[in-house]
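Coordinate inspection notes
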Amino acid sequence: MSSIKYALLSLLAREPLSGYDMKQHMNGRVSFFYKINNNQLYPTLAKLEAEGLVQLESHERESYRPARKVYSITDKGIDFLKAWVMEAEEPRSLDDFMLKQYNSWLVEPEAMIGILREKRTEHEERLKIYRAKIAGFREQQAVYPSRDPLFSSIAVIEMGIRNEESYMEWCDRVIEALSKDEI
């Protein structure tokens, strides 16, 4: 099964949402570690409904807009998501940037330094966003029990913080090595 299904079920396990709301939540909550295209959302949602993993909860209509369909996860969907969480994962990591770095010996060091500085800035900006999200959660409540959805959200964001810090350190290390023309 495509991981997009699990992403949508993950959102609906927290609260009922419309397709539009799911896309907004994907952008605001999980886009740092998982991306979804608009053309994937509605067909996947239809498949989830056909499989009995989600159900149409209501149609909300505003006077000038089409009806908004709100979906919720079913008990079968919750069980399905729980089973997936407990599955063993095949290790994989796709990072096109690292593949490009594997071939960076073909490019002038000065050009690579510029690219690495840009990449470092991207990770620095993402790090600021992650830290702000954690601070926002902590302003609402100092601690979260493990059964609260924000417990898991904070844990994932904390991993994101560590990844960003590590990526920035690596960029600094390679920039230094390129400047010295040796590693």
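Computed from a predicted structure; not experimentally measured. (Residues numbered from 1 in each chain as written. Predicted model: local features only at pLDDT ≥ 70, side-chain atom pairs only at ≥ 80, totals over all residues. Heavy atoms only, no water.)

**Examining the pattern of salt bridges**
- Summed over all chains, the structure comprises nine salt bridges.
- A salt bridge links E51 to K5; the shortest N-O distance between them is 2.7 Å. You can see E51 sitting in the loop between α3 (38–50) and β2 (54–60) and its partner K5 sitting in helix α1 (residues 3–14), a full 46 residues away along the chain.
- Judged by its relative accessible area of 30%, E51 falls in the partly exposed class.
- Ionic pairing is found between R120 and E124, a salt bridge with its closest N-O pair at 3.6 Å. You can see R120 and its partner E124 sitting in helix α6 (residues 109–140), four residues apart, about one turn around the helix.
- Overlapping salt bridges, with partners in common, bring together R120, E124 and D172 in one network. (Salt bridge = Lys/Arg side-chain N within 4 Å of Asp/Glu carboxyl O. Helix = DSSP H or I, 4+ residues; strand = E, 2+ residues; numbered from the N terminus. Buried < 20%, exposed > 50% of the residue type's maximum accessible area, 1.4 Å probe, protein only.)

**A look at the side chain of H25**
- The topology assignment puts H25 in helix α2 (residues 19–30).
- If sequence neighbours within four positions are ignored, H25 has contacts with L11, E15, L17 and V30. (Contact = heavy atoms within 4.5 Å.)

**Topic: a negative patch on the surface**
- There is a patch of like negative charges on the surface, built from E108, E110, D181 and E182.
- Structurally, E108 can be placed in the loop between α5 (96–102) and α6.
- Accessibility expressed as a relative area gives 55% for E108, which makes it exposed. (Patch = residues over 30% accessible without salt bridge, like charges linked within 9 Å, V, L, I, M, F, W, Y side chains within 5 Å. Areas by Shrake-Rupley, 256 points an atom, 1.4 Å probe, with all protein chains shown as cover. Lys, Arg positive; Asp, Glu negative; His and termini not counted. Charge placed at Lys NZ, Arg CZ, Asp CG, Glu CD.)

**Overview of the side chain of Q101**
- Here Q101 is to be found in helix α5.
- Setting aside residues up to four positions removed in sequence, Q101 forms contacts with M112, L116 and W170.

**As for the environment of G160**
- As for its position among the elements, G160 is in helix α7 (residues 149–180).
- When the C-alpha positions of G160 and A7 are compared, they lie 17 Å apart, and in sequence the two are 153 residues distant.

**Remarks on the packing of α6 against α7**
- Following both chains from N to C, one finds α6 and α7 inclined at 155 degrees, their axes separated by 8 Å at the closest point. In this view, α6 runs roughly antiparallel relative to α7, as classed from their interaxial angle. Crossing geometry of α6 relative to α7 is assigned as left-handed.
- Residue classes in the contact of α6 with α7 are distributed as 19 nonpolar, five polar and 12 charged. (Axes fitted to C-alpha atoms, helices over the stretch in contact; angles between N-to-C directions. Parallel < 35°, antiparallel > 145°, perpendicular 65-115°, else oblique. Left-handed = near helix turned anticlockwise from the far one by under 90°. Nonpolar A, V, L, I, M, F, W, Y, C, P; charged D, E, K, R; others polar.)

**Looking at α6**
- The end-to-end C-alpha distance of α6 is 47 Å, a good match for the 46 Å that 32 residues give at a rise of 1.5 Å each.
- Turning to α6, its buried residues number three or more, namely M112, I113, L116, K119, H123, L127, Y130, I134 and F137.
- Where α6 is buried, its residues contact α5 and α7. (Expected span 1.5 Å × (residues − 1).)

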